[in-house]
Amino acid sequence: MTNPITDHLQIDMSQATLNSVTNLDFLTKDRLRELQWQKFEIILRHTYENSPWYHEQMVQRKLVPSDIKSFDDMYKLPFITKQILRDTYPFGLFALPMDKIVRMHASSGTTGKPIVVAHTREDLAVWAQSVVRSLRSYGVGPGDILQNAYGYGLFTGGLGLHDGGQALGVTVVPISGGNTERQVMLMRDFGATVVSCTPSYFLHIIDKAQTMGVDLRTLPIRVGAFGAEPWSDEMRKRIEADAGIKAYDIYGLTEICGPGVGAECVHQNGTHLFEDHFYPEIINPETLEPLPDGQMGELVFTTLDRFAMPMIRYRTRDLTCLISEPCPCGRTIRRMQRIAARSDDMVIIRGVNVFPSQIEAALLQVEGTAPHYQIILTREFGGLDEIEVKLEVQPEDFSDKVREIEAFQNRVRHEIHRVTGIHAKVSLVQPGSIPRSEGKAKRVIDKRII
Ligand code: DLL
């Protein structure tokens, strides 16, 4: 038998090969399962034999790879968490020597040491193929000009879209994030047809274009590949209307590779996961029990063909459910509901659990709100938690009339209460006064004394 992984990695960037890569989106369920299992057996053995840390975990559990006889036995294997990645910093989970590793990335992390990940040349090729499949699922191909405004560097957004875009044969403009005036100028002058960045940064680009007198709706730009942070459907509608583009989701995380673990298709009804590379599970984050398709829980991934640093059952903290119903696009790989929340982002206000994305969805339903907001959490000493939503209004709606302002605030407050069940203080602020981000937006400012 030929090795399914090496077979799979024959990357000749001819059109025929690109088609065969995309064909992986359309395998029969049985064939997909078979391919996943063939790869998993190889990767588990590789990890057991070459990752001293992982070997030790298996030994402690008195497990050898052959004890895992099917995916139903996955539950016997331990999870990998962000904490484990921190504890083994920097290279403790590498499963190959440095002479096989051609690139490292790191996620910044809000506290302490970053998470470091490693890639072989083949690992990078698998990642690029996933981005190829993402872009293709939006209907992007050679002839398109991709303005890649994700940050280049240790963050995976920039180089991830860059490698995938080039592998597909689109023309990549590696502009990176920032210098927003130049973004608008080049978008217009180069006639970019595709843009990739965080949705919050694209909002900033839209604003800047307006102040420069450029109407994005009249430019050739037609597709956005947005991800790296949660964004609501209401936000999508605003972006699509203001820029005259189709806004598609791209999902990923440094620990697994980066952007391209999943992507929406033109039906925009969930994010297809490239399951032949990234084996997904949904677990109950409290009990750690596996959950069936359709039930919300924490997303867990096993990388099926990543050799430098395999991730077996990595807990993402992202909350979603898997959708196994067929998609009208014909792809047989499953979808997940777009990630609206991370378990880490949940805030509890007077006993009610709330995610920032719910607040976003609520306030954008009110006419006249601008998609720029910040959530401020405070706690009086020994008192209850308070939540304030600072919100910009559209410049044309910025009213001096106190009564109108109060009525508008009440509408927003009411909508937030209707969607989330919490009473929030709503403060309206001048257009442009909430800090703009060039990458992931900081929506929540937590000033509570913990
Ligand atoms: O954000 C990789 C990426 C770059 C994805 C560019 C898409 C586009 P990290 O910095 O490691 O990697 O952050 C990963 O960001 O666990 C999610 O919580 C969140 N995230 C990523 N994509 C989406 C998305 C990159 N499309 C973390 N929707 C993940 C919602 C997302 N959240």
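What counts and how
Residues numbered from 1 in each chain as written. Predicted model: local features only at pLDDT ≥ 70, side-chain atom pairs only at ≥ 80, totals over all residues. Heavy atoms only, no water. Helix = DSSP H or I, 4+ residues; strand = E, 2+ residues; numbered from the N terminus. Buried < 20%, exposed > 50% of the residue type's maximum accessible area, 1.4 Å probe, protein only. Contact = heavy atoms within 4.5 Å. Patch = residues over 30% accessible without salt bridge, like charges linked within 9 Å, V, L, I, M, F, W, Y side chains within 5 Å. Areas by Shrake-Rupley, 256 points an atom, 1.4 Å probe, with all protein chains shown as cover. Salt bridge = Lys/Arg side-chain N within 4 Å of Asp/Glu carboxyl O. Pairing = 2+ DSSP bridges. Phe/Tyr/Trp six-rings, centres within 6.5 Å; stacked < 30°, edge-to-face > 60°. Lys NZ or Arg CZ within 6 Å of the ring centre and 35° of its normal. Near = heavy atom within 4 Å. Polar contact = N/O pair within 3.5 Å; in protein donor to acceptor, adjacent residues only side chain to side chain.

**Here we look at the environment of Leu 161**
- Following the sequence through the fold, Leu 161 ends up in helix H7 (residues 156–168).
- Classification of Leu 161 as buried rests on a relative accessible area of 0%.
- On a C-alpha basis, the gap between Leu 161 and Ser 130 in space is 9.9 Å, while along the polypeptide they are 31 residues apart.
- Residues in contact with Leu 161, not counting those within four places in the same chain, are Val 131, Leu 135, Leu 146, Asn 148, Tyr 150, Ser 196, Ile 250 and Pro 259.

**Concerning a nonpolar patch on the surface**
- Side chains of Phe 91, Met 98 and Met 104 sit close together on the surface and give an oily, nonpolar patch of about 260 Å² of accessible area.
- Within the secondary structure layout, Met 104 lies in strand E1 (residues 103–107).

**Quick notes on the pairing of strand E5 (residues 194–197)**
- Covered by surrounding structure in E5 are Val 194 and Ser 196 together with Val 195 and Cys 197, the residues of both alternating faces.
- Alignment of strand E3 (residues 145–148) against E5, held across 3 bridges, turns out to be parallel. Bridged to Leu 146 within E5 is Val 194.
- Inspection of the sheet shows E5 paired to strand E6 (residues 223–227) by 4 bridges, in the parallel sense. Following the sheet pairing, Ser 196 is matched in E6 by Ala 225.

**Considerations on the packing of aromatic side chains**
- By the definition in use, this model includes 11 aromatic pairs.
- Relative to Phe 71, the ring of Phe 40 has its centre 5.6 Å away and its plane inclined at 45°; by these criteria the two rings are tilted. One end of the pair, Phe 40, is in helix H3 (residues 29–50); the other, Phe 71, is in the loop between helix H4 (52–60) and helix H5 (82–87), and 31 residues separate them in sequence.
- Owing to a relative accessible area of 9%, Phe 71 belongs among the buried residues under this scheme.
- With 4.1 Å between their ring centres and 10° between their planes, Phe 71 and Tyr 279 make a pair best called stacked. Linking Phe 71 in the loop between H4 and H5 with Tyr 279 in strand E10 (residues 278–283), this pair joins segments that are 208 residues apart in sequence.
- Relative accessible area serves as the criterion here: at 6%, Tyr 279 is assigned to the buried category.
- The structure contains a cluster of three or more aromatic residues connected by ring pairs, namely Trp 37, Phe 40, Phe 71 and Tyr 279.
- Above the ring of Phe 79, the side-chain terminus of Arg 315 is found at 5.9 Å from the ring centroid.
- The residue whose ring lies beneath Arg 338 is Trp 231, and the NZ or CZ to ring-centre distance is 4.5 Å.

**Describing the site of the ligand**
- Taken together, 19 residues form the shell around the ligand, and within it Asp 249, Ile 250, Thr 254, Asp 318 and Lys 440 come nearest.
- In this structure, a nitrogen atom belonging to the ligand sits 2.7 Å away from a side-chain N or O atom of Asp 249.
- One nitrogen or oxygen atom from the main chain of Ile 250 is found 2.7 Å from a nitrogen atom belonging to the ligand.
- When the ligand is considered free in solution it has 600 Å² of accessible area, and contact with the protein chains removes 94% of it.
- Those elements that provide at least two residues to the shell around the ligand are H7 and strand E7 (246–252).
- With 4 residues, E7 is the largest single contributor of residues to the shell around the ligand.

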